[in-house]
Amino acid sequence: MDYQSIINDISDEVSSLLRAGKVADYIPALAGVNPEQFAMTLTLFDGTQYSVGQADTLFSIQSISKVFSFTLALKLYRKELYKRMGVEPSGNPFNSLVQLEKEQGKPRNPFINAGAINVADALISHYGDEERAFREVLEFIQDVSDDKTIESNKVVASSEMEHGYRNLALANFMKSFNNLDNSPQKAVETYSKYCSVEMNTKMLSRAMLYLANDGIDPITGRVYITESQSKRINAVMLTCGHYDASGDFAFNVGLPGKSGVGGGIVAVVPKLMGIAVFSPGLNLQGNSLVGTKALELFTTKTKLSIF
Ligand code: GLN
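Here is what the cut-offs are and how they apply
Residues numbered from 1 in each chain as written. Predicted model: local features only at pLDDT ≥ 70, side-chain atom pairs only at ≥ 80, totals over all residues. Heavy atoms only, no water. Near = heavy atom within 4 Å. Polar contact = N/O pair within 3.5 Å; in protein donor to acceptor, adjacent residues only side chain to side chain. Areas by Shrake-Rupley, 256 points an atom, 1.4 Å probe, with all protein chains shown as cover. Nonpolar A, V, L, I, M, F, W, Y, C, P; charged D, E, K, R; others polar. Axes fitted to C-alpha atoms, helices over the stretch in contact; angles between N-to-C directions. Helix = DSSP H or I, 4+ residues; strand = E, 2+ residues; numbered from the N terminus. Parallel < 35°, antiparallel > 145°, perpendicular 65-115°, else oblique. Left-handed = near helix turned anticlockwise from the far one by under 90°. Contact = heavy atoms within 4.5 Å. Pairing = 2+ DSSP bridges. Expected span 1.5 Å × (residues − 1).

Trainee: So what about the site of the ligand? Which residues, and what values?
Mentor: Residues in close proximity to the ligand include Tyr-26, Gln-62, Ser-63, Phe-94, Asn-113, Glu-160, Asn-167, Tyr-191, Cys-195, Tyr-243, Gly-260 and Val-261, which together make up its full environment. Within the contact set of the ligand, an oxygen atom lies 2.6 Å away from a side-chain nitrogen or oxygen of Tyr-26. A total of 290 Å² of accessible area belongs to the ligand in isolation, and the protein chains cover 99% of it. Of the residues that constitute the shell around the ligand, the class distribution is 6 nonpolar, 5 polar and 1 charged.

Here it is in C-alpha cells:
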C-alpha cells in the first residue's frame, strides 16, 4: 500500500477544517498554540516511518500519557489495580465530578482524569515518592519511544497545577472515599507532570508499537507487558480512549486510540503499525477535530479498521 500518498491525500482533505476546532484554553500555557497545524505519522514494525505535515513539532501529549502510566501501573499491580478503578466507558466528560460521587470515589476507567490521577497515586505508593513515580513514567515513555531526549515541560506542568482545581477536586473526592493513598496534591502534581511531556507524531507513533505487537517492542525485542495486558489496554483504549466520544471514535475510525487536549491522538493497528496525528483544534468532547477526521479517512482509505 502506498502509505505516503494516502496520508498526503488526507492532509489535503482536512486542510479546510483546520480552523473548525477550538484550542484548549483551560490550561493557560496551552492557550497560545497555533490551531492551524497538522501532522500525521505511521510507524511500521521495521521502524519505517511515513509522515506528513509538522511531524517534528513537539506538543503537549496531555491525556495520551494516561496510556503509558496505565501500562506501568498494570504491569506493577496486575489485577489488583482494578480494586481502585473500573474499565467501563464513562459516557461523561473527561473531568466530570458527578459520576465519581455517585460511584463512591471509584473512577469508571483509567483514562478519565479521576482514573488517571488514581493511577498516579498507585505509582507514588509503589515507588515510594512522587519524584520517582514521575521519573519512572518518563523513562518508560523514553523507552517505548526509543528516544532519551523526551522531557516534560515545567511551564505547562505548573500552569496545569495552578489551574487544576477540578483535578484536585476529583482527587479530594477519591481521598474522602478512601480510594487514594497519598495526598491529593501529590497525586495531581505527578499526573500533571507527565501530562506535560512533549513529543511529536514521529515519537508517539513509534511509542505505540508495543501495543500493536502484544506487549513486545518489534524493533528492540524488549518485552514490556504480557500479551493479555496488551490486549486489555487496547480494549480500554477502544472503549474509553475518547471519553464521551469513544463510541463515535469506534464507529467512525474503528481503532484503539487515545486523545489528549494538546491535540494529539495515538492509534494502534494491531500487528501492523502505530499511528499518531496532531492538530490542536478540539471538538466539543476535547478530542482533536482534524485528528479524528484524519484517522477516519485513514481507515476508510486503507480498510485497516479492526472491524
Ligand atoms: N492534563 C489534562 C487535564 O487534566 C488532560 C486532559 C486531557 O488531555 N483530556 O485536564
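Trainee: Could you give me a rundown of the packing of helix α3 (residues 65–77) against helix α5 (residues 113–127), with the residues and numbers involved?
Mentor: Across the interface, α3 lies against α5 with an axial gap of 10 Å and an inter-helix angle of 45 degrees. The orientation of α3 with respect to α5, classified from their angle, is oblique. Considering the relative orientation of α3 and α5, their crossing is left-handed. On α5, the residues that touch Lys-66, Ser-69, Phe-70, Leu-72, Ala-73, Leu-76 and Tyr-77 of α3 are Asn-113, Ala-116, Val-119, Ala-122, Leu-123, Ser-125, His-126 and Tyr-127.

Trainee: Describe the sheet that holds strand β4 (residues 151–152), with residues and values.
Mentor: Strands in a sheet are paired, the pairing made by backbone hydrogen bonds, and the direction either parallel or antiparallel. Spatial ordering of the open sheet is given by β3-β5-β4, a layout of 3 strands whose pairing is antiparallel. With one partner strand each, in any of the chains shown, β3 (59–60) and β4 form the two edges of the open sheet. Inspection of the sheet shows β3 paired to strand β5 (residues 197–199) by 2 bridges, in the antiparallel sense. Looking across to β5, one finds that Phe-59 is bridged to Met-199.

Trainee: Break down α5 for me, citing the residues and quoting the values.
Mentor: The terminal C-alpha atoms of α5, which comprises 15 residues, lie 21 Å apart, in line with the 21 Å expected from a rise of 1.5 Å per residue. Just downstream of α5, Gly-128 is the residue with a positive phi angle, here 90 degrees.

Trainee: Which residues make up the sheet that holds strand β1 (residues 39–44), and what values do they have?
Mentor: Reading across from one edge, β2-β1-β8-β7-β6 is the order of the 5 strands in this open sheet, with antiparallel pairing throughout. Whereas interior strands pair on both sides, the edge strands pair on one side only; in this sheet they are β2 (49–53) and β6 (257–259). Strand-to-strand twist across the sheet, computed as the mean angle between neighbouring axes with direction ignored, equals 10 degrees. Where β6 and strand β7 (residues 264–269) come together, 3 bridges link them in antiparallel fashion. Counterpart to Lys-258 in the pairing with β7 is Val-266.

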